[in-house]
Protein chains: 2
Amino acid sequence: MADPSVPDAPLAPAPPSDRKASTKLEESIFAATQRLMEEQAFGDLSVAQILKEAEVSRATFYYYFSSKFTVLVGLLDRAMEDVFATVQPFLLRPSHEEPRVALERSLSAVTDAWRRHRVVLQATNHHWHAVPELRALWLQIVERFVVAGAEEIEREREAGLLQTDVPGRELAAALFWGTERVLYVAGLGVEGSFDDESSTIEALVSMWVGTLYGR
Amino acid sequence: MADPSVPDAPLAPAPPSDRKASTKLEESIFAATQRLMEEQAFGDLSVAQILKEAEVSRATFYYYFSSKFTVLVGLLDRAMEDVFATVQPFLLRPSHEEPRVALERSLSAVTDAWRRHRVVLQATNHHWHAVPELRALWLQIVERFVVAGAEEIEREREAGLLQTDVPGRELAAALFWGTERVLYVAGLGVEGSFDDESSTIEALVSMWVGTLYGR
DNA sequence: CCGCGACCATACATGTTGTCTGCACGCCGC
DNA sequence: GCGGCGTGCAGACAACATGTATGGTCGCGG
């Protein structure tokens with residue numbers, strides 16, 4: 001059963017991720033791609049490069065994956081497992097905790113997870129709009145977060161803590177996408193925007209607290 | 001001088017956009033590209049398609065543009081002229097107006113402008129990360145908005161209206177990127193997110209009002 | 001020891017991009 | 001009128017990436 005310290009599962013369980021156990025070669029393709037991505041944008045990688053780095057033949061590559069984007073889908077799938085696990089414990093606010101404090105902890109956790117998987121999440125950001133398989137997975141991930149957020153928000157509303165009457169789903173979606181975007185831009189290292197991580201988190205906390213609880 | 005109804009220019013003037021007057025052929029390339037973009041993602045367009053649609057030769061195309069992305073830069077430049085002009089009047093809150101009302105008007109105006117130029121802004125969103133020329137222009141546009149927002153925020157702070165002590169620049173940036181992302185996703189027509197435009201605006205207004213003024 | 005699954009090297013068809021060559025037309029100054 | 005130049009065209013081309021196809025090698029289990 002569920003961990004007793006977490007009364008309700010705040011995130012709906014992932015639909016059974018039908019990920020087969022991966023073979024050695026599949027694994028080295030994943031690893032090689034990840035390695036290459038640290039130094040070069042995923043979009044600029046050619047399959048040839050991956051082949052060389054993974055020491056795998058072209059035929060083998062296309063035996064396991066139907067394009068380099070399928071590799072990215074796999075990497076995202078793995079990354080999100082960790083992200084969900086990291087964020088999970090923070091999604092329910094313990095009733096003794098101040099909303100601001102709870103949100104600060106959650107957002108710090110998310111920021112951490114984002115940093116850990118920056119390259120994969122960045123690549124996802126860049127390509128989900130154009131790659132159906134990736135888009136589906138990403139939107140499904142977003143949906144999990146938004147639903148969890150919306151539920152928590154409605155719970156707070158019922159407790160009479162909210163200042164707004166905008167539906168939880170809309171708020172959760174706006175806050176999710178906003179946060180995602182800020183973390184993305186921060187991760188780019190664009191000069192002059194979100195240079196300092198802790199003040200970035202502060203701004204996000206302000207945004208969440210203000211939007212939901214007012215002030 | 002400036003329009004007397006607007007005491008201070010809320011948006012710094014655009015750096016002299018050294019746009020030459022465009023020739024007839026340049027024009028038809030712009031028009032053709034815009035037309036094609038309405039039906040097909042910019043990323044999927046080939047130069048060949050543009051040539052056909054614009055009835056222009058390959059050589060001519062590369063005479064005026066160095067790649068299809070240069071066309072997009074031109075389109076963005078034009079689009080932003082209109083966007084700035086639309087948004088300009090709303091950036092300073094008349095002191096007699098409620099913050100919420102002022103923000104609602106601004107955000108409606110922005111949403112309108114976004115819709116008008118949806119395809120171009122979408123394409124920009126998709127490609128600025130990878131195309132230096134486009135990235136530079138987009139970041140410069142963002143900077144204008146963020147600076148204007150930050151200034152307005154600091155003005156409100158001095159008037160004692162703000163509830164937060166996070167720097168205006170951080171708040172403006174977070175709110176800008178968040179809003180941009182929400183409008184982007186809304187424009188995609190993703191099932192289940194931001195289906196209804198007016199409630200989307202409501203959520204955005206809540207976000208701005210809450211973040212800045214609390215409640 | 002045979003067969004089959006996993007894997008490799010290589011070649012290939014296709015599509016895209018950006019450059020280059022050579023040619024035509026019209027206008028402007030001389 | 002003539003020569004030159006700016007503008008534009010058609011088409012060829014090299015470089016590269018993608019995804020497929022062909023045929024061969026190796027090792028292991030029946």
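So, how was this worked out
Residues numbered from 1 in each chain as written. Chains lettered and ligands numbered in written order. Predicted model: local features only at pLDDT ≥ 70, side-chain atom pairs only at ≥ 80, totals over all residues. Heavy atoms only, no water. Near = heavy atom within 4 Å. Polar contact = N/O pair within 3.5 Å; in protein donor to acceptor, adjacent residues only side chain to side chain. Contact = heavy atoms within 4.5 Å. Buried area = accessible area lost by both parts, 1.4 Å probe. Salt bridge = Lys/Arg side-chain N within 4 Å of Asp/Glu carboxyl O. Helix = DSSP H or I, 4+ residues; strand = E, 2+ residues; numbered from the N terminus. Nonpolar A, V, L, I, M, F, W, Y, C, P; charged D, E, K, R; others polar. Expected span 1.5 Å × (residues − 1). Buried < 20%, exposed > 50% of the residue type's maximum accessible area, 1.4 Å probe, protein only. Phe/Tyr/Trp six-rings, centres within 6.5 Å; stacked < 30°, edge-to-face > 60°. Least-squares fit on C-alpha atoms with pLDDT ≥ 70 in both. Axes fitted to C-alpha atoms, helices over the stretch in contact; angles between N-to-C directions. Parallel < 35°, antiparallel > 145°, perpendicular 65-115°, else oblique. Left-handed = near helix turned anticlockwise from the far one by under 90°. pLDDT = per-residue confidence, 0-100.

What to know about the protein's contact with DNA strand D
Thought 1: In the region of DNA strand D, 13 residues are neighbours, and Arg58(A), Tyr62(A), Ser57(B), Thr60(B) and Tyr64(B) sit closest.
Thought 2: Of what DNA strand D places within 4 Å of the protein, 64% of the atoms are sugar or phosphate.
Thought 3: One nitrogen or oxygen atom from the side chain of Arg58(A) is found 3.1 Å from a base nitrogen belonging to DNA strand D.
Thought 4: A distance of 2.5 Å is found between a phosphate oxygen of DNA strand D and a side-chain nitrogen or oxygen belonging to Tyr64(B).

Considering the interface of chain A and chain B
Thought 1: Facing 36 residues of chain A, the contacting portion of chain B comprises 36 residues.
Thought 2: Between chain A and chain B the total buried area reaches about 3,100 Å² when both faces are included, carbon and sulfur atoms providing 65% of it.
Thought 3: Between Arg181(A) and Glu180(B) there is a salt bridge, with the nearest N and O atoms lying 3.4 Å from each other.
Thought 4: For the side of chain A that touches chain B, the element with the highest residue contribution is helix H8 (residues 168-188) of chain A, accounting for 14 residues.
Thought 5: Of the residues belonging to the side of chain A that touches chain B, the class tally is 16 nonpolar, 13 polar and 7 charged.

A few points about helix H9 (residues 197-213) of chain B
Residues and elements named next belong to chain B.
Thought 1: When the terminal C-alpha atoms of H9 are compared, their 24 Å separation across 17 residues agrees well with the 24 Å that a helix rising 1.5 Å per residue should span.
Thought 2: A large share of H9 lies buried, amounting to 14 of its 17 residues.
Thought 3: Trailing H9 by a residue or two, Gly214 shows a phi angle of about 80 degrees, which is positive.

What about the packing of aromatic side chains?
Thought 1: A complete count under the given rule lists 20 aromatic pairs over all chains for this structure.
Thought 2: Relative to Phe145(B), the ring of Phe84(B) has its centre 5.1 Å away and its plane inclined at 25 degrees; by these criteria the two rings are stacked. With Phe84(B) in helix H4 (residues 68-87) and Phe145(B) in helix H7 (residues 132-158), this residue pair connects regions lying 61 residues apart in the sequence. Like Phe84(B), the residue Phe145(B) is buried in the burial classification.
Thought 3: One aromatic cluster is present, built from ring pairs that chain together Phe84(A), Trp128(A), Phe145(A), Phe176(A), Trp177(A) and Tyr184(B).

Things to note about the relation of the copies chain A and chain B
Thought 1: Note on the copies: chain A fits chain B at an RMSD of 0.0 Å, the axial shift is 0.0 Å, and the rotation between them is 180 degrees. On this basis, the relationship between the two copies can be described by a two-fold rotation axis.
Thought 2: Take the interface residues of chain A: 100% of them recur as interface residues in chain B, which is what a same-surface contact looks like.

Points about unusual backbone geometry
Residue and element names in this part refer to chain A.
Thought 1: Positive phi, close to 55 degrees, is recorded for Phe194, a residue that is not glycine.
Thought 2: Assignment of secondary structure puts Phe194 in the loop between H8 and helix H9 (197-213).
Thought 3: Of the residues examined, Phe194 reaches a relative accessible area of 7% and is grouped as buried.

Concerning the pattern of salt bridges
Residues and elements named next belong to chain A.
Thought 1: Evaluation of the coordinates by the stated rule reveals 22 salt bridges over all chains.
Thought 2: Here Arg93 and Glu156 are joined by a salt bridge, their closest N and O atoms 2.9 Å apart. One end of the pair, Arg93, is in the loop between helix H4 (68-87) and helix H5 (99-116); the other, Glu156, is in helix H7 (residues 132-158), and 63 residues separate them in sequence.
Thought 3: In this structure Glu156 comes out as buried when scored by relative accessible area, which is 8%.
Thought 4: A salt bridge links Glu143 to Arg169, with the nearest nitrogen and oxygen atoms 2.9 Å apart. Pair noted here: Glu143 is in helix H7 and Arg169 is in helix H8, with a separation of 26 residues, a long-range link.
Thought 5: Ionic contacts of the salt-bridge type, sharing partners, join the residues Asp112, Arg115 and Glu197 into one network.

Some words on the protein's contact with DNA strand C
Thought 1: Taken together, 15 residues lie around DNA strand C, and Thr60(A), Tyr63(A), Tyr64(A), Arg58(B) and Tyr62(B) are the ones closest in.
Thought 2: Close to the protein, within 4 Å, the atoms of DNA strand C belong to sugar or phosphate groups at a rate of 61%.
Thought 3: Taking Tyr63(A), its side chain carries an N or O atom lying 3.1 Å from a phosphate oxygen of DNA strand C.
Thought 4: Between DNA strand C and Arg58(B) there is a distance of 3.1 Å, counted from a base nitrogen to a side-chain nitrogen or oxygen.
Thought 5: Secondary structure elements with two or more residues in the surface near DNA strand C: helix H3 (58-64) of chain A together with helix H3 (58-64) of chain B.
Thought 6: It is H3(A) that provides the largest number of residues to the surface near DNA strand C, a total of 5 residues.
Thought 7: Each residue belonging to the surface near DNA strand C can be placed in one class, and the counts come to 8 nonpolar, 4 polar and 3 charged.

Examining the packing of H5(A) against H8(A)
Residues and elements named next belong to chain A.
Thought 1: Two numbers describe how H5 lies on H8: the axes approach to 11 Å, and their chain directions differ by 45 degrees. What the angle tells us is that H5 and H8 run oblique. In the crossing of H5 with H8, the sense of the turn from one axis to the other is right-handed. Together, Leu107, Val110, Thr111 and Trp114 of H5 and Thr179, Glu180, Leu183 and Tyr184 of H8 make up the contact between the two elements.

So, the confidence of the model for chain A
As a general rule, the predicted coordinates of low-pLDDT regions are not to be interpreted in detail.
Thought 1: On average, residues of chain A score 90 in pLDDT, and 89% of them reach the 70 mark or higher.
Thought 2: Every residue in residues 1-7 of chain A scores below 50 in pLDDT, and together they form 1 contact with partners more than four places removed in sequence or on other chains.

Topic: the packing of H4(A) against helix H6 (residues 118-127) of chain A
All names here are of chain A.
Thought 1: For the pair H4 and H6, the least separation of the axes is 10 Å and the interaxial angle reads 130 degrees. What the angle tells us is that H4 and H6 run oblique. By crossing handedness, the relation of H4 to H6 is classed as left-handed. Here Phe69, Leu72, Leu75, Leu76, Ala79 and Met80 of H4 lie close against H6, whose contacting residues are Val120, Leu121, Ala123, Thr124 and His127.
Thought 2: When grouped by side-chain class, the residues that make up the contact of H4 with H6 number 9 nonpolar, 2 polar and no charged.

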